[in-house]
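Analysis of the macromolecular model
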Amino acid sequence: LKRASQPVRTYLNVFLRYKNREIGPILCQVDSGNTTNSDVVITDAVRRRLEIPFVEKMHSTLDTALPGGKLTKLGKTETIKMIIGNSDNAHAVKPLVVQEMADEANIGSDFLAKLSKSYQDVAIKFDQGEPSLVIGKEEEALIQITEEKNPEIDNKENISFEYS
């Protein structure tokens, strides 16, 4: 595995489905620093594209890893389905919606821990330096994106993609 001199973010391709609407694939960050206790965090733009109603409205902030960084929490939605990569399994999730963030979707270790209760094996695996997410008998490639610029400035035009 080539060590990046810049910060690396890790992503999965996911599809989100609510009733008869589906979007994807979208990049969903696998974020070990996600401390929301929610299955998945999505932006309000994603919620509006899927037309998911709120079941609980909020207006509070959530600290981020960046010094002084905050996200505005808007609420929780009805349950939707999330399909990871090419999987046949649709996972029921109840997203936390934030006004905006660097990525359209974000999952943390709480979601992976929840999956481990339904599947025997949930792990991030490296095979000859190539990362993947193992969920039961399925394995999905992880995408690593190296930031080329100051990580405090989230400008997607300055990100190079290293597909694994």
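Scroll up to find the structure this text is about.
Below, the structure is looked at part by part. Computed from a predicted model, the values in this text were never measured in an experiment.

1. Quick look at the overall build of the protein
Each helix and strand counted, the protein has 2 helices and 14 strands in total. By residue count, 42% of the 164 residues in the protein fall in the buried class. Across the protein, every contact between residues at least 6 apart in sequence was considered, and the portion connecting residues at least 24 apart equals 56%.

2. Overview of unusual backbone geometry
Between Gly24 and the following residue, Pro25, the backbone shows a cis peptide bond with an omega angle of 0 degrees. Take Pro25: it is sitting in strand β2 (residues 21-30). Positive phi, close to 60 degrees, is recorded for Glu51, a residue that is not glycine. In this structure, Glu51 sits in the loop between α1 (44-50) and β4 (54-63). At Gln128, a residue that is not glycine, the phi angle is positive and equals roughly 55 degrees. Summarising the element assignment, Gln128 is placed in the loop between β10 (122-127) and β11 (130-135).

3. What about the pattern of salt bridges?
Side chains that differ in charge, positive against negative, can pair when their charged atoms come close. In the structure shown here, the tally under the stated rule is 8 salt bridges. For the salt bridge of Asp39 with Lys114, the shortest nitrogen-to-oxygen distance reads 3.0 Å. Taken as a pair, Asp39 in the loop between β2 and β3 (41-43) and Lys114 in helix α2 (residues 109-116) lie far apart in primary sequence, 75 residues in all. Residue class for Asp39 comes out buried when judged on its relative accessible area of 14%. Here Asp44 makes a salt bridge to Arg48, at a shortest N to O gap of 3.1 Å. Of this pair, Asp44 and Arg48 both sit in helix α1, 4 residues apart, which is roughly one turn of that helix. It is possible to trace a salt-bridge network through shared partners that takes in Asp44, Arg47 and Arg48.

4. Concerning the side chain of Ser87
Looking at the element boundaries, Ser87 is found in the loop between β6 (80-84) and β7 (90-93). One polar contact links the side chain of Ser87 to the main-chain amide nitrogen of Asn89, over a distance of 2.9 Å. In this structure, Ser87 is in contact with Glu138 and Glu140, ignoring residues within four places of it in sequence.

Definitions and limits used
Residues numbered from 1 in each chain as written. Predicted model: local features only at pLDDT ≥ 70, side-chain atom pairs only at ≥ 80, totals over all residues. Heavy atoms only, no water. Helix = DSSP H or I, 4+ residues; strand = E, 2+ residues; numbered from the N terminus. Buried < 20%, exposed > 50% of the residue type's maximum accessible area, 1.4 Å probe, protein only. Contact = heavy atoms within 4.5 Å. Salt bridge = Lys/Arg side-chain N within 4 Å of Asp/Glu carboxyl O. Polar contact = N/O pair within 3.5 Å; in protein donor to acceptor, adjacent residues only side chain to side chain.

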